[in-house]
Amino acid sequence: MIEVRSVSVLVLILAVSAACCLGFGFVLQQNAAQRAPLSDFLSPRLLLDLVRVPRWLGGIGLMVVGMVLGAMALGRGEISLVEPLLATNLLFALALSRRQTRQPLGRQGWLGLALLAGGVTAFILAGQPRAGSAVTDPLRHWLIIGTVVGVALLLTTYAKRSRLSWGPVLLAVAAGLLYGVQDALTRVSGQRFSAGGWAELFTSWQPYSLLVIGVTGLILVQSAFETAPLRMSLPALTAAEPLAGIACGVGFLGDRLRTDVGALTWEATGLAAIVAGIVLLGLHPAMPCGVSVPEQKRKLQPR
């Protein structure tokens, strides 16, 4: 019992630390990406332009640290436990944005905080995520991953037609779905490495899929940050990632949640509260409003 509790505390520390790095990193990335030329929208050129901006590089560095810490948490805990904790990155993003804008939290901020924190707590306590036997049937893996990736591609296709209206939100949702799959594949890759070392890892398809999904998700996120304020894109990104990750965890990684009526009710309530809290915090005035479209068309200047 003591060992299980210590592992849970370690997972908690790793996941919340990852959320902190991710939240701060997203704000710095959006600060830089909003100044990128719109001609870079959904193009790899966007990353080539942004790599010249020190603030963006700092944001990427924080994101990489957050991803490493998240991967360590996923290696020690169930994805259904880690994902809701990673969703708290919005709290840290709001903290940094609030410092930049000097906006008070107010009722909306406190209510969003309460909903997000309460939702995470309710889901974890009600579901009691625990490890089980992973599904070995590759068809089920591909079916779930293919469905999530397919939805992300559909959202991206539609976003290209409405990039200055609902496009950024759709791109953020698509990126969140891909990041949820990325979290699941990160856990699988860690398990393969633990079982057979580098040879086992690089003879499987997961690490290569991780690379493709990671780069694609990064382009989608930066395109969303480029064309809309953080309050439009980050909530959608933050809400979609845990939902996709939990679907993969329960779908083929063997994560188990309590399924009695009371537990399912509280799990659904917790997830709904998480999403509602994310939306309220994302729409908070402290979140950067971005810049006007004419300003966005300016060439990137290193800062």
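Shown above is the structure to which this text applies.
So, here is what we can say about the structure in this document. Please read these numbers as outputs of a predicted model, since none were measured by experiment.

### Points about the packing of aromatic side chains
A complete count under the given rule lists five aromatic pairs for this structure. Ring plane angle 75° and centroid distance 6.2 Å describe the contact between Phe-26 and Phe-225, whose orientation is recorded as edge-to-face. Placement of the pair is Phe-26 in helix H1 (residues 2–33) and Phe-225 in helix H9 (residues 206–227), with a sequence separation of 199 residues. The burial state of Phe-26 is the same as that of Phe-225; both residues are buried. Connected via pairs of aromatic rings, a cluster forms that spans Phe-193, Trp-198 and Phe-202.

### Some points on the side chain of Ser-233
Along the chain, the position of Ser-233 falls in helix H10 (residues 230–251). Ser-233 sits in the buried class, given a relative accessible area of 0%. For Ser-233, the residues in contact, after removing those within four places along its chain, are Pro-168, Ala-172, Ala-224 and Phe-225.

### Here we look at the packing of helix H4 (residues 79–86) against H10
Contact pair H4 / H10: the axes reach a minimum separation of 8 Å and the direction vectors enclose 175°. Our classification of the angle between H4 and H10 gives roughly antiparallel. Here Ile-79, Ser-80, Glu-83 and Pro-84 of H4 lie close against H10, whose contacting residues are Glu-241, Pro-242, Gly-245, Ile-246, Gly-249 and Val-250. Its residues assigned to classes, the contact of H4 with H10 comprises five nonpolar, three polar and two charged.

Reading guide: rules and limits
- Residues numbered from 1 in each chain as written.
- Predicted model: local features only at pLDDT ≥ 70, side-chain atom pairs only at ≥ 80, totals over all residues.
- Heavy atoms only, no water.
- Phe/Tyr/Trp six-rings, centres within 6.5 Å; stacked < 30°, edge-to-face > 60°.
- Helix = DSSP H or I, 4+ residues; strand = E, 2+ residues; numbered from the N terminus.
- Buried < 20%, exposed > 50% of the residue type's maximum accessible area, 1.4 Å probe, protein only.
- Contact = heavy atoms within 4.5 Å.
- Axes fitted to C-alpha atoms, helices over the stretch in contact; angles between N-to-C directions.
- Parallel < 35°, antiparallel > 145°, perpendicular 65-115°, else oblique.
- Nonpolar A, V, L, I, M, F, W, Y, C, P; charged D, E, K, R; others polar.

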